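Descriptive structure summary
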Amino acid sequence: MSATSPAAVVVLAAGEGTRMKSKTPKVLHEISGRSLVGHVVAAARELEPQHLVVVVGHASEQVTAHLNAGDAPVRTAFQAEQNGTGHAVRMGLEELGGTVDGTVIVVCGDTPLLSGGTLGALAATHAADANAVTVLTAEVPDSTGYGRIVRDPATGAVTEIVEHKDATDEQRAIREINSGVFAFDGSLLADALGKVRTDNSQGEEYLTDVLSILREAGHRVGASVAGDHREILGINNRLQLAEARRLMNERLLERAMLAGVTIVDPASTLIDATVTYERDAVVHPGTQLLGSTHLGEDSEVGPNSRIEDTLVGAGARVDNSVTLSAEIGPGATVGPYAYLRPGTRLGVRSKAGTYVEMKNATIGEGTKVPHLSYVGDATIGDHTNIGAASVFVNYDGVAKHHTTIGSHCRTGSDNMFVAPVTVGDGVYTAAGSVITKDVPSGSLAVARGQQRNIEGWVARKRPGSAAAQAAQASSQGADGES
């Protein structure tokens, strides 16, 4: 915890967000791998506050469950009726005992671009200037619709926040706006909230009224200007959601590139906030890096790949493929057009080739499944080769069963392995075999019917057909040659 760590951060997330036109609560809409409120909570945690509380209201059970789903549950306060931002903060403080000694930062749950660095600068300014309230502000190209920050020309202190509809022409020319994010002296905040009135057009308790209450009591109200005005953007509809996603993606890609990752085409690449990587990884166009994915050093993914919750080992290659909750070992290759489903683990320098699907399968070092195969619920040893068009028949209509194939095996094309079945080390299987019984190590397994040729069948059964004519011409040609 740093010297400027706040005593508490209160996140306001009780609103419904009707302009989203969605059954999903606004703060649970996602960009870049986290919900809107999840991004705000992550930024708040960078400050290492003593207390963190999210005020919930609309769909409170759903929002609370979401906040508690991760490894670090979040404390919540319930606002039964949405009676304004002041009322919401009061509910948050009551959850923390009513009064908090020290700095209290209030943020909105729909501002996903807000960074921990900007919140840290707000807390530092608040402490350095000994303010009762410090407003996070930003200078924007177009301030239409925003509350303007009016300052004392002599001291730079904030004298008032004027809403656009109430501003004079001179005030409307001001480009510094209110973000809705504040740092408060905790004890002064609790007292001032008790004095907030509801005699306004909405009949609500406005948090901004606290500023005038404290200023009239002789306390200083200051401001901290965000370095990038886009950080304070709130999300109210799908257009703004898409714009925030674009901006967040640009930020995350920039971070990856500065860390040594080659992003060949940033414009066509998506990356989540939770993705990690090592230097000299390469990402080709049209690729999505999602969830808890990690790219190892010198790995190469894409083009046109979806890599989700997947560990990609050093020097591994994924080409035009989809991988979900998989582990790809160092030097392994995937694709093109492979599908790795949850539970797949590829060993060092192994291969899942073209049009190969795997699920809950462990593939040993150097083992290859080159093409046109399904491997489900299986363990395959080291340095084995699985022939083309092989199917691991794992489902009997009721339950899934496991197949084990040993090391240094060579299985033929068009094999069916009907689970449960075990194939030992060093085994060969003939093409077209259906393996239903265990195969001892070092054996050749042949499980197919004998071939029988019925000569003249086409002429008798398909007389006059193109096939019959071709066969007759071939026979006459052979007779002429003889």
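Residues numbered from 1 in each chain as written. Predicted model: local features only at pLDDT ≥ 70, side-chain atom pairs only at ≥ 80, totals over all residues. Heavy atoms only, no water.

Attention now moves to the side chain of H126. Here H126 is to be found in helix 4 (residues 116-129). What H126 contacts, discounting residues up to four positions off in sequence, is T103, N131, A132, V133, T134, A183, F184 and D185. (Helix = DSSP H or I, 4+ residues; strand = E, 2+ residues; numbered from the N terminus. Contact = heavy atoms within 4.5 Å.)

Glancing now at helix 7 (residues 209-216). By the burial criterion, the buried members of helix 7 are V210, L211 and L214. For helix 7, the angular spread of buried residues about the axis comes to 105°, placing them on one side. Immediately downstream of helix 7, the backbone of G218 shows phi near 95°, a positive value. (Buried < 20%, exposed > 50% of the residue type's maximum accessible area, 1.4 Å probe, protein only. Arc of directions from axis to C-beta.)

The next thing to look at is the pattern of salt bridges. Following the criterion strictly, the structure yields 14 salt bridges and no others. A salt bridge links D228 to R230; the shortest N-O distance between them is 3.0 Å. By relative accessible area, D228 is classed as partly exposed at 25%. Judged by its relative accessible area of 36%, R230 is partly exposed. With a closest N to O distance of 2.7 Å, R246 and E250 form a salt bridge. Pair noted here: R246 and E250 are both in helix 8 (residues 238-258), with a separation of four residues, about one helical turn. Since its relative accessible area comes to 39%, E250 is described here as partly exposed. (Salt bridge = Lys/Arg side-chain N within 4 Å of Asp/Glu carboxyl O.)

What follows deals with the side chain of S305. Its location among the elements puts S305 in the loop between strand 18 (300-301) and strand 19 (306-308). On the accessibility criterion, S305 (3% relative accessible area) is buried. Of the polar contacts made by the side chain of S305, one reaches the backbone oxygen of P303; its length is 3.2 Å. Aside from chain neighbours lying at most four places away, what touches S305 is G286, T287, Q288, V318, D319, N320 and S321. (Polar contact = N/O pair within 3.5 Å; in protein donor to acceptor, adjacent residues only side chain to side chain.)

With their axes 10 Å apart at the nearest point, helix 6 (residues 186-193) and helix 7 run at an angle of 105° to one another. In terms of orientation, helix 6 and helix 7 fall into the roughly perpendicular class. Taking contact as the criterion, the partners of L188, L189, A192 and L193 in helix 6 are, on helix 7, V210, I213 and L214. Grouping the constituent residues of the contact of helix 6 with helix 7 by class yields seven nonpolar, no polar and no charged. (Axes fitted to C-alpha atoms, helices over the stretch in contact; angles between N-to-C directions. Parallel < 35°, antiparallel > 145°, perpendicular 65-115°, else oblique. Nonpolar A, V, L, I, M, F, W, Y, C, P; charged D, E, K, R; others polar.)

Further remarks concern the pairing of strand 5 (residues 75-78). Inspection of the sheet shows strand 4 (residues 51-56) paired to strand 5 by four bridges, in the parallel sense. When the bridges of strand 5 are listed, V56 appears paired with F78. One crossover worth recording links strand 4 to the parallel strand 5 by way of helix 2 (residues 60-67), and it is right-handed. (Pairing = 2+ DSSP bridges. Right-handed = clockwise from strand over helix to strand, strands pointing away.)

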